[in-house]
Amino acid sequence: MTLPDSMTVISIASPGGPEVLTARQQNLPDLGANDVLIRVAAAGVNGPDLAQRRGHYDPPQGASPLPGLEVAGEIAAMGAAVTSWQVGDRVMALTNGGGYAEYVAVPAGQVLPVPDHWLLTDAAALPETWFTITQTLVMRAGLTAGMSVLVHGAAGGIGGAAIQIATILGAKAIAVVSSPQKADYARELGAVATIDYSSEDIAARALALTDGKGVDRVVDIVGGAMAQTNIAASARGGHIVQVSTLDGSKAELSLGLLMAKQLTLSGSTLRPQSAEFKASVAARIRTDLLPALAAPGFRGPHVTRFALADATAAHAAMETRQHIGKIVLVTAFGAAL
């Protein structure tokens, strides 16, 4: 494959609103011995991208300063030590940054095959959220079949991934939503029940849906006052997974109830983790989840597409918190497929 001398990227001119995202030309990224170079068809837009644009989530040392933590596309080149892929393979990948570009270099262990019937522009919506939920809810919180899982933000990227992963693994997802439309979407992804937080008491409803026991696991992206609600909704021995704090990073908790219920509250960020750890998450996805993704009829998340050059509009749309599913940026290569 003949590679170009330069590529279009979306950079952050300075911390600020969506308008600071700027298209420019730069050289293709350097390729390490254990990296693959992916010709990007589409890049997913995620909460950490918005935080980085605002100046609140700096890239780890050595990572690309460009936003973009997930992509799908085709392998264009490989590092000298890579033997597990071939040029032309259709892949999706968790990046360490740099996804908002026409090419990105990614450690080979963070790359997964795209099932044959999936569009690359749809596959780009998966890696960041599926890696996050696999790392936190499955590997750390020990989700198993038969458990109940309360999922906040159920119609978004993280929430949708939590519903689908829980369902694949035989757990029962209870989706917290803000509208009937989002409730319908959550059920389409596999949720067994929904709670509308605008009109229902989340904890009381969760207890009612579990015959008074409470939920075994919670996936929370809200933070703030929701932390106490999660404790009230949890079963004895439950585990609350904090993956974001959209409504605030400070909370007032009833530590007595936390102790009485023998609860675990854990938090994590994925981007600073080592390449080896991210590869272990990819291996878990490949073993436990990818067969379900590859099955005929599997319904992926709803995807809203913007051109790469329209990254400003994509970020503005995501900040309204009204969208359903995932937003992706499509390159000229992806648009032509």
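See above for the structure.
Residues numbered from 1 in each chain as written. Predicted model: local features only at pLDDT ≥ 70, side-chain atom pairs only at ≥ 80, totals over all residues. Heavy atoms only, no water.

Q: So, the nonpolar core: which residues are in play, and what are the values?
A: Within the largest apolar cluster, 72 residues are counted, with the highest numbers of intra-cluster contacts made by Met92, Leu150 and Ile163. Element by element, the count of residues in this core is highest for helix H4 (residues 157–168), at six residues. Once residues within four sequence positions are removed from consideration, Leu150 is found in contact with Ile174, Val176, Ile195, Ile202, Val215, Arg217, Val218, Val219, Asn230 and Ala233. With 25 residues, the next largest nonpolar core counts Ile38, Val40, Val106 and Ala108 among its residues. (Core = buried A, V, L, I, M, F, W, Y, C linked by side-chain atoms within 4.5 Å. Buried < 20%, exposed > 50% of the residue type's maximum accessible area, 1.4 Å probe, protein only. Helix = DSSP H or I, 4+ residues; strand = E, 2+ residues; numbered from the N terminus. Contact = heavy atoms within 4.5 Å.)

Q: Account for the side chain of Gln110, naming residues and giving values.
A: Within the fold, Gln110 resides in the loop between strand S6 (103–107) and strand S7 (111–113). Classification of Gln110 as buried rests on a relative accessible area of 0%. At 3.3 Å, the side chain of Gln110 forms a polar contact with the side chain of Asn96. Setting aside its immediate chain neighbours within four residues, Gln110 contacts Met92, Ala93, Leu94, Thr95, Asn96, Phe131, Ala275, Lys278 and Ala282. (Polar contact = N/O pair within 3.5 Å; in protein donor to acceptor, adjacent residues only side chain to side chain.)

Q: Lay out the environment of Leu207 with the relevant residues and their values.
A: Along the chain, the position of Leu207 falls in helix H6 (residues 202–209). Beyond its immediate chain neighbours, meaning those up to four positions away, Leu207 contacts Gly212, Lys213, Gly214, Ala232 and Ala233.

Q: Tell me about the packing of helix H3 (residues 127–140) against helix H9 (residues 275–288), and name the residues and values.
A: In helix packing, the relevant descriptors are the interaxial angle and the interaxial distance, both defined with respect to the helix axes. Contact geometry of H3 with H9 gives a least axis separation of 10 Å together with a crossing angle of 85°. If you check the angle between H3 and H9, you find them roughly perpendicular. Residues Trp130, Phe131, Thr134, Gln135, Val138 and Met139 of H3 lie in contact with H9, whose contacting residues are Phe277, Lys278, Ser280, Val281, Ala282, Arg284 and Ile285. The class makeup of the residues in the contact of H3 with H9 is eight nonpolar, three polar and two charged. (Axes fitted to C-alpha atoms, helices over the stretch in contact; angles between N-to-C directions. Parallel < 35°, antiparallel > 145°, perpendicular 65-115°, else oblique. Nonpolar A, V, L, I, M, F, W, Y, C, P; charged D, E, K, R; others polar.)

Q: Can you explain the layout of surface pockets? Please cite residues and give values.
A: Empty space among the atoms can be located by rolling a probe the size of a water molecule over them. One number sums up the size of the second largest pocket: a volume of about 290 Å³. If you trace the second largest pocket, you find 21 residues lining it, with Pro29, Ala63, Ser64, Gly97 and Ala105 closest to the centre. Of all the secondary-structure elements, those providing two or more residues to the lining of the second largest pocket are strand S2 (21–27) and S6. Take the lining of the second largest pocket: its biggest share by element is five residues, from S6. Looking at the lining of the second largest pocket, its residues break down into 12 nonpolar, eight polar and one charged. (1 Å grid on protein atoms, 1.4 Å probe; cavity = no way out; pocket = protein on both sides within 12 Å on 5 of 7 lines; lining within 4 Å. Points joined across faces, edges and corners; volume = space filled by probe spheres on them.)

Q: For the side chain of Thr210, give the residues involved together with the corresponding values.
A: Relative to the helices and strands, Thr210 is located in the loop between H6 and strand S11 (215–220). Judged by its relative accessible area of 13%, Thr210 is buried. Within the structure, the side chain of Thr210 is placed 2.8 Å from the backbone oxygen of Ala206, a separation counted as a polar contact. Here Gly214 takes part through its backbone nitrogen, which lies 2.8 Å from a polar atom of the side chain of Thr210. When sequence neighbours within four positions are dropped, the list of residues in contact with Thr210 reads Ser148, Ile174 and Val215.

Q: How would you sum up helix H1 (residues 47–54)? Please name residues and give values.
A: Taken residue by residue, H1 has Asp49, Leu50, Ala51, Gln52 and Arg53 as its buried positions. Its buried side turned inward, H1 meets strand S1 (6–12), S2, strand S3 (35–45) and helix H11 (311–319). Once H1 finishes, Gly55 follows within two positions and takes phi at roughly 90°, a positive value.

Q: Which residues make up the sheet that holds strand S12 (residues 234–242), and what are the values?
A: In space, the six strands of this open sheet follow the order S10-S9-S8-S11-S12-S13, with parallel pairing throughout. Edge strands, defined here as strands with exactly one partner in the open sheet, are strand S10 (193–196) and strand S13 (264–267). Averaged over all neighbouring strand pairs, the angle between strand axes comes to 20°, with direction disregarded. Bridge analysis of strand S8 (residues 148–151) against strand S9 (residues 172–177) gives four bridges, and the strand direction is parallel. Across the sheet, residue Val149 finds its bridge partner in S9, namely Ala173. Strands S9 and S10 of the sheet are contacted by helix H5 (residues 180–189), whose axis makes an angle of about 160° with S9. (Pairing = 2+ DSSP bridges.)

Q: Any chance you could break down H4 for me, citing the residues and the numbers?
A: Three- or four-residue spacings in an α-helix give side chains the same orientation, since the helix completes a turn every 3.6 residues. Taking 1.5 Å of rise per residue, 12 residues should cover 16 Å, and H4 covers 16 Å from first to last C-alpha, within 8% of that figure. Summarising burial for H4: 10 of the 12 residues are buried, a large majority. Of the surrounding secondary structure, the elements contacted by the buried residues of H4 are H3, S8, S9, H5, S11 and strand S15 (326–330). Positive backbone phi, approximately 90°, marks Gly170, located one or two places after H4. (Expected span 1.5 Å × (residues − 1).)

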